[in-house]
Amino acid sequence: MLPIPSEKIRPIVSISIDQTEEKLSEYLRHSFNDYIFIKDGNRLTGYLNVTDAFKNESVTFDQIKQLTHPLDHACFLNKEHTLLDLYQVIGEAVTLVKNDRNQVIGYIKREDLLVEMFKDESQNTDLLKTILTSIPMGIFVVNQDRKIINCNDSGLKMIKRRAMDVINNPACLIFKQKHIDYVFRTGETLLNQIITSDNMGILADYSPIIQNNQEVSGAVIVVQDLPMVEKMAMEMEYVKNLNNDLNAVLSSVYDDILVLDENGVLLRCSEAMTPDYWDIDFKRFIGKCLLHMDFNSEFDPKAIQYVKENKEKYTIVYETKIGKKVLTVGTPILDEAGDLQRIIIALRDITETANLKQQLDQYKKELDGLKKKDIFFNQMVYRSARMEELMIRVKKVAEFSSTVLISGESGVGKEVVAKAIHQMGSRSSQPFIKLNCGAIPEQLLESELFGYVKGAFTGADVKGKKGYFEQANGGVIFLDEIGEMPIQLQVKLLRVLQENEVVPVGSTKTIPIDVQIVAATNRDLSIMIKEGEFREDLYYRLNVIPIHVPPLRERTEDIAPLTMHFLKQFNEKYHKQYTFMPDALNLLELYSWPGNIRELQNVIERLIVASDDHIINADLVTKLIKFDLSLPESEPLNRVIPMRQAKEKLENELIILAMKRYKTTIRAAEVLEISQSTVSRKYKKLLEQNQ
């Protein structure tokens, strides 16, 4: 017979089922006992695990009934028991203890009873150990130091260890430390914890060993072997299906895929690698490190090396020996600790894509150039035949890099013609530098044109400065008002034209340049040559391609489109909707415009500002533009003159008189009963004669 230690017998704490649900919940919530016994009247009917009841904030009668273990199936022992009673104890969490008079005096937890049995060194205990060894469940006893102090053979077989490797060794070597710490910290049972490793798979239940002072003095771990064969079979089937899915994915994607381990060893590849550009049978290299293989320029392992060393995604494009461009993307696969597990290499033939992109870039560049030229050409506003001829010539000149000399009155648009040469030529993507030779002081003009070096003169930038010629290298430099250039600088400009090189101020070193020079002037350079104000040799160097821009009065057909162009600009600028009456446009066409296009632009803005209405009529034009044409004093006919001359004189006087009174050619033509074009032509002729 084996005695049960009295100190391990716990008193029966009971509650009556007749109490209200609120009182039951309050009692359970504040109970310090592991188990509470349920009493119906004076009879014990079952016991309840307090921890299970704590899962709910309040407990109902139905829940108590579900959680109560009936005493009809409970295990009862006397204070002395036999080893046969052990089989009954193993299956129950608690065992009720009776005295000699068959009265229940308390209960003992299964773990406490097992520990006491293991502590006993009697022959009976040896028999107990033999019986426990035959139990199919594994049992491990852990002391307060978290070390295993005893176990059975079933447990050793399940964890595939020897007793000498387990006894007195830390339990965390086999079981999870966090589970053990939880049981010792909370004193609660932890069930159904799966533990797997390379060579074992077990299901563990952790139960605390609690002394009477409510301190956890140890733990009993009961383990069961998982159905490993079934589990492995299921996993193998899953892996097989996963492998089939993976192969299907690898075969369907556009890219060729290589899967390598962390050392660059090829594990698998796409089932059908693209045969058009691979002379390599990658399947032959499965199990081999691709970093150490010689592929004779057919495959570049640089992406593998980079991903292995940096654990980062890497992209590279390389060309095979047969001229194929291959896009290689290396992607690292990391585990939870951030260590490299796999390297995925995706290969794609982008030869055709690269060629198409190159062609597309070329076409886009050409299209952008054409659009740029077309946009600029559309900004050139003209209608006259003379300007049409001039722009045809500009297009022709733009195809070459010859020096151009543009002449014309002030305000005719010489700079616009210079920009057209730049935009419609092969240098359109290069700089266009403009310099007004008359706007820069003579003492600064040389340094602005040719630049200067450090210390060239007082106040010079310590870093030196590039001149306009260097800034325009590869492009076009526009020298406006070339006739205003000092005679001494004309010599240096001549050298630039002859040698295609400049010498910065303060330096003796020449700098080669490639610049197309476009010069412009509103002066007659031939007269300046005669007066000694302009070098003749420079004139002939500049006058390789002469272009003359006619004044606005010689191309009156352009006045109307230019007027509408400027009107649109000012409407957009000031968010207005001004319009011109036809008679107002007719008057603008009759004016001589000594300031040319620049004056026209200023007059249009002045008309918009001065107009009280959004419609600009002839009356407003006559107020702002003075035609200065007065009626000549009439001389009496005291002699005979040809009839044609007398008729012409009378027509002129009538036209002048009608224009002064009615302001517009349309009204004047109606009164004179002639065509509007006749009035316009004759009145314009009179204006020109008056000037």
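Computed from a predicted structure; not experimentally measured. (Residues numbered from 1 in each chain as written. Predicted model: local features only at pLDDT ≥ 70, side-chain atom pairs only at ≥ 80, totals over all residues. Heavy atoms only, no water.)

### Topic: the overall build of the chain
Stage number 1. Within the chain one finds 26 helices and 30 strands.
Stage number 2. The buried share among the 691 residues of the chain stands at 43%.
Stage number 3. The long-range share in the chain, meaning contacts at least 24 apart out of those at least 6 apart in sequence, stands at 57%.
Stage number 4. Put simply, the chain shows about 39100 Å² of open surface, and 50% of that area lies on carbon and sulfur atoms. (Helix = DSSP H or I, 4+ residues; strand = E, 2+ residues; numbered from the N terminus. Buried < 20%, exposed > 50% of the residue type's maximum accessible area, 1.4 Å probe, protein only. Contact = heavy atoms within 4.5 Å. Areas by Shrake-Rupley, 256 points an atom, 1.4 Å probe, with all protein chains shown as cover.)

### As for the side chain of Thr563
Stage number 1. Topologically, Thr563 is positioned in helix α20 (residues 559–574).
Stage number 2. You can call Thr563 buried: its relative accessible area is 0%.
Stage number 3. One polar contact links the side chain of Thr563 to the main-chain carbonyl oxygen of Ile559, over a distance of 2.7 Å.
Stage number 4. In this view, Thr563 contacts Phe580, Leu585, Leu588, Leu600 and Ile604; residues no more than four positions away in its chain are not counted. (Polar contact = N/O pair within 3.5 Å; in protein donor to acceptor, adjacent residues only side chain to side chain.)

### A few points about α20
Each turn of an α-helix holds 3.6 residues, which means side chains three or four residues apart point in the same direction.
Stage number 1. Between the first and last C-alpha of α20 there are 22 Å, a value that for 16 residues agrees with the 22 Å anticipated at 1.5 Å per step.
Stage number 2. For α20, every residue scored as buried is listed here: Ile559, Ala560, Pro561, Leu562, Thr563, Phe566, Leu567, Phe570 and Asn571.
Stage number 3. Next to the buried residues of α20 lie β29 (579–580), α21 (582–590) and α22 (596–610). (Expected span 1.5 Å × (residues − 1).)

### Quick notes on the nonpolar core
Stage number 1. The biggest cluster of nonpolar side chains holds 35 residues, and the ones touching the most others in it are Phe580, Leu588, Trp593, Ile604 and Met659.
Stage number 2. Considering every element that reaches this core, the biggest residue donor is α22, with 6 residues.
Stage number 3. With sequence-adjacent residues up to four places away left out, Met659 is seen in contact with Leu587, Leu590, Thr664, Thr665, Ala668, Val679 and Tyr683.
Stage number 4. Listed in part, the 31 residues of the second largest apolar core include Leu445, Phe450, Leu493 and Leu497. (Core = buried A, V, L, I, M, F, W, Y, C linked by side-chain atoms within 4.5 Å.)

### A short note on the sheet that holds strand β2 (residues 14–16)
Stage number 1. Spatially, the 4 strands line up as an open sheet ordered β2-β3-β4-β5, and their pairing is mixed. In this open sheet, the two edge strands, each paired with only one partner strand, are β2 and β5 (69–70).
Stage number 2. Pairing between strand β4 (residues 43–49) and β5: 2 bridges, direction antiparallel. The partner of Gly46 across the bridge, within β5, is Pro70. (Pairing = 2+ DSSP bridges.)

### Some details on the side chain of Glu470
Stage number 1. Relative to the helices and strands, Glu470 resides in helix α16 (residues 468–471).
Stage number 2. The side chain of Glu470 is buried and forms no salt bridge, while Lys466, the nearest opposite charge, is found at 5.1 Å. (Lys, Arg positive; Asp, Glu negative; His and termini not counted. Salt bridge = Lys/Arg side-chain N within 4 Å of Asp/Glu carboxyl O.)

### Considerations on the pairing of strand β17 (residues 314–319)
Stage number 1. Sheet topology places β17 next to strand β18 (residues 325–334); 6 bridges connect them, and they run antiparallel. Its bridge partner being in β18, Tyr318 is matched across the sheet by Val326.
Stage number 2. The antiparallel pairing of β17 with β18 creates a hairpin that spans 5 residues between the two strands, and Gly323 there sits at a positive phi of about 90°.

### A word on the sheet that holds strand β14 (residues 216–225)
Stage number 1. If you trace the 5 strands from one edge of the open sheet to the other, you get β11-β10-β14-β13-β12, paired in antiparallel fashion. At either margin of the open sheet sits one strand with a lone partner, and together these are β11 (148–151) and β12 (190–196). Looking at each pair of strands side by side, their axes are set apart by 25° on average, direction ignored.
Stage number 2. Sheet analysis places β12 next to strand β13 (residues 201–210), joined by 5 bridges and oriented antiparallel. Counted as the bridge partner of Thr196 is Gly201 from β13.
Stage number 3. Of the strands in this sheet, β10 (138–143), β12, β13 and β14 are in contact with helix α9 (residues 177–186), which crosses β14 at around 135°. (Axes fitted to C-alpha atoms, helices over the stretch in contact; angles between N-to-C directions.)

### Regarding the packing of aromatic side chains
Stage number 1. All chains considered together, the criterion is met by 12 aromatic pairs.
Stage number 2. Taking 6.0 Å as the distance between ring centres and 80° as the angle between the ring planes, the aromatic pair formed by Tyr35 and Tyr107 counts as edge-to-face. Placement of the pair is Tyr35 in strand β3 (residues 35–40) and Tyr107 in strand β9 (residues 104–109), with a sequence separation of 72 residues. With respect to burial, Tyr35 and Tyr107 carry one shared label: buried. (Phe/Tyr/Trp six-rings, centres within 6.5 Å; stacked < 30°, edge-to-face > 60°.)

### As for the pairing of strand β15 (residues 256–261)
Stage number 1. Buried residues dominate β15, accounting for 6 of its 6 residues.
Stage number 2. Side chains of β15 alternate between two faces, with Asp256, Leu258 and Leu260 and Ile257, Val259 and Asp261 buried alike.
Stage number 3. Here β15 pairs with strand β19 (residues 340–349) via 6 bridges, running antiparallel. By the bridge assignment, Asp256 is partnered in β19 with Leu347.
Stage number 4. As paired strands, β15 and strand β16 (residues 266–269) are joined by 3 bridges and run antiparallel to one another. Note on β16: the bridge partner recorded for Val259 is Arg268.
Stage number 5. Between β15 and β16, which follow one another and run antiparallel, lie 4 residues, and Gly264 among them has a positive phi close to 90°.

### Here we look at helix α11 (residues 302–310)
Stage number 1. Among the residues of α11, those classed as buried are Ala303, Ile304 and Val307. All buried residues of α11 fall inside an arc of 100° around its axis, so they share one side.
Stage number 2. Those residues of α11 that are buried are in contact with β15, β17, β18 and β19.
Stage number 3. Backbone geometry just downstream of α11 places Lys311 in the positive-phi region, at approximately 55°. (Arc of directions from axis to C-beta.)

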